[in-house]
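Now for the letters of each chain:
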Amino acid sequence: SNGINDGLVRGLCFYALDRHADAVADWDAAERIAPRETSLLDDNTRGLTHAIVGDYQTALKYLERAVAAGDGAVAWYNRAIALARLEEDEGESRDAAHLLDALALIERSSNPLVRAYGTAGIMALLGREEDAMTGLARAQGMDHDEVTKWARWDPAWHDLRGDYRFEALLGSSDRPA
């Protein structure tokens, strides 16, 4: 059991360091050895981490449980993002219905940062780039460092990576000449 706990804790450390693939590897190894022990991990965090590394199918397994457990707007947001990216990976057209359902929950969140960032991410997936950029800037105004960190790895923003406006908001590029 001590090795299991070490794997779980090490995975959480990797997650905190944005070493998402290492976190997934440690958590998955621990789960193969002792599945009950890994149930102590937060389903939303595990699902999000799988989504970040592009394993949307596994991400949905955890995020569906997080949503069912009532984990709130953040779990709905992460589930909607993973589902949209899975549809894309499978060559299906993006179904806006689940994005709009998540948006409705996000907009009712009591946390203004969750409302601003979540709405911006959903707008990015809906192809509403101007609304997404405006929302991302609004969220950065509330907690610049955290929001910038989130946007760097959040799959919602994949379509805008390389866009000079998005990169400028993250501080990783200058506007082209």
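Predicted, not measured: the structure shown is a model, and the values here were computed from it. (Residues numbered from 1 in each chain as written. Predicted model: local features only at pLDDT ≥ 70, side-chain atom pairs only at ≥ 80, totals over all residues. Heavy atoms only, no water.)

One way to put it is that helix α6 (residues 73–89) packs onto helix α7 (residues 96–107) with a least axis distance of 9 Å and a crossing angle of 165°. In this view, α6 runs roughly antiparallel relative to α7, as classed from their interaxial angle. Here α6 and α7 pass one another in a crossing that is left-handed. Here Ala-73, Trp-76, Tyr-77, Arg-79, Ala-80, Leu-83, Ala-84 and Glu-87 of α6 lie close against α7, whose contacting residues are His-98, Leu-99, Ala-102, Leu-105 and Ile-106. Class assignment for the residues of the contact of α6 with α7 results in ten nonpolar, one polar and two charged. (Axes fitted to C-alpha atoms, helices over the stretch in contact; angles between N-to-C directions. Helix = DSSP H or I, 4+ residues; strand = E, 2+ residues; numbered from the N terminus. Parallel < 35°, antiparallel > 145°, perpendicular 65-115°, else oblique. Left-handed = near helix turned anticlockwise from the far one by under 90°. Contact = heavy atoms within 4.5 Å. Nonpolar A, V, L, I, M, F, W, Y, C, P; charged D, E, K, R; others polar.)

Turning next to the side chain of Arg-79. Along the polypeptide, Arg-79 turns up in helix α6. The class of Arg-79 is buried, set by a relative accessible area of 15%. Excluding anything up to four places from it in sequence, Arg-79 contacts Leu-60, Leu-63, Glu-64, Val-67 and His-98. (Buried < 20%, exposed > 50% of the residue type's maximum accessible area, 1.4 Å probe, protein only.)

Turning to the nonpolar core, a few remarks are in order. With 29 residues, the main nonpolar core has Tyr-77, Tyr-117, Ile-122, Leu-136, Trp-157 and Phe-166 as its most contacted residues. Among the elements of the structure, α6, α7, α8 (112–125), α9 (129–142), α10 (144–153) and α11 (164–170) are those that each provide at least two residues to this core. The greatest single-element share of this core, amounting to nine residues, is contributed by α8. Among residues more than four places away in sequence, those in contact with Leu-136 are Tyr-117, Ala-120, Val-147, Ala-151, Trp-157, Phe-166 and Leu-169. Grouped together as the second largest cluster of nonpolar side chains are eight residues, Ala-51, Tyr-56, Leu-83 and Leu-86 included. (Core = buried A, V, L, I, M, F, W, Y, C linked by side-chain atoms within 4.5 Å.)

All told, the structure shown has four aromatic pairs when counted by the stated rule. Pairing Tyr-117 with Trp-150 gives two aromatic rings, centres 5.3 Å apart and planes at 70°, and the pair type is edge-to-face. With Tyr-117 in helix α8 and Trp-150 in helix α10, this residue pair connects regions lying 33 residues apart in the sequence. Tyr-117 sits in the buried class, given a relative accessible area of 6%. With a centroid separation of 6.4 Å and 50° between ring planes, the pair formed by Tyr-117 and Trp-157 is classed as tilted. Taken together, the positions of Tyr-117 in helix α8 and Trp-157 in the loop between α10 and α11 put the pair 40 residues apart, joining distant regions of the chain. The same class applies to Tyr-117 as to Trp-157, namely buried. Each member of the aromatic cluster is reached from another via a ring pair, and the members are Tyr-77, Tyr-117, Trp-150, Trp-157 and Phe-166. (Phe/Tyr/Trp six-rings, centres within 6.5 Å; stacked < 30°, edge-to-face > 60°.)

With that out of the way, let us pick up the pattern of salt bridges. Inspection of every chain in the model, using the stated rule, returns ten salt bridges. The partner of Asp-131 in a salt bridge is Arg-128, with the nearest N and O atoms 2.7 Å apart. Of the residues examined, Asp-131 reaches a relative accessible area of 37% and is grouped as partly exposed. Taking relative accessible area as the criterion, Arg-128 reaches 44% and is therefore assigned partly exposed. Between Arg-165 and Glu-129 there is a salt bridge; the shortest N-O distance is 2.8 Å. Placement of Arg-165 in helix α11 and of Glu-129 in helix α9 is noted, with a sequence separation of 36 residues between them. With relative accessibility at 22%, the residue Arg-165 sits in the partly exposed group. Here the residues in one salt-bridge network are Glu-129, Glu-130, Asp-163 and Arg-165, joined through shared partners. (Salt bridge = Lys/Arg side-chain N within 4 Å of Asp/Glu carboxyl O.)

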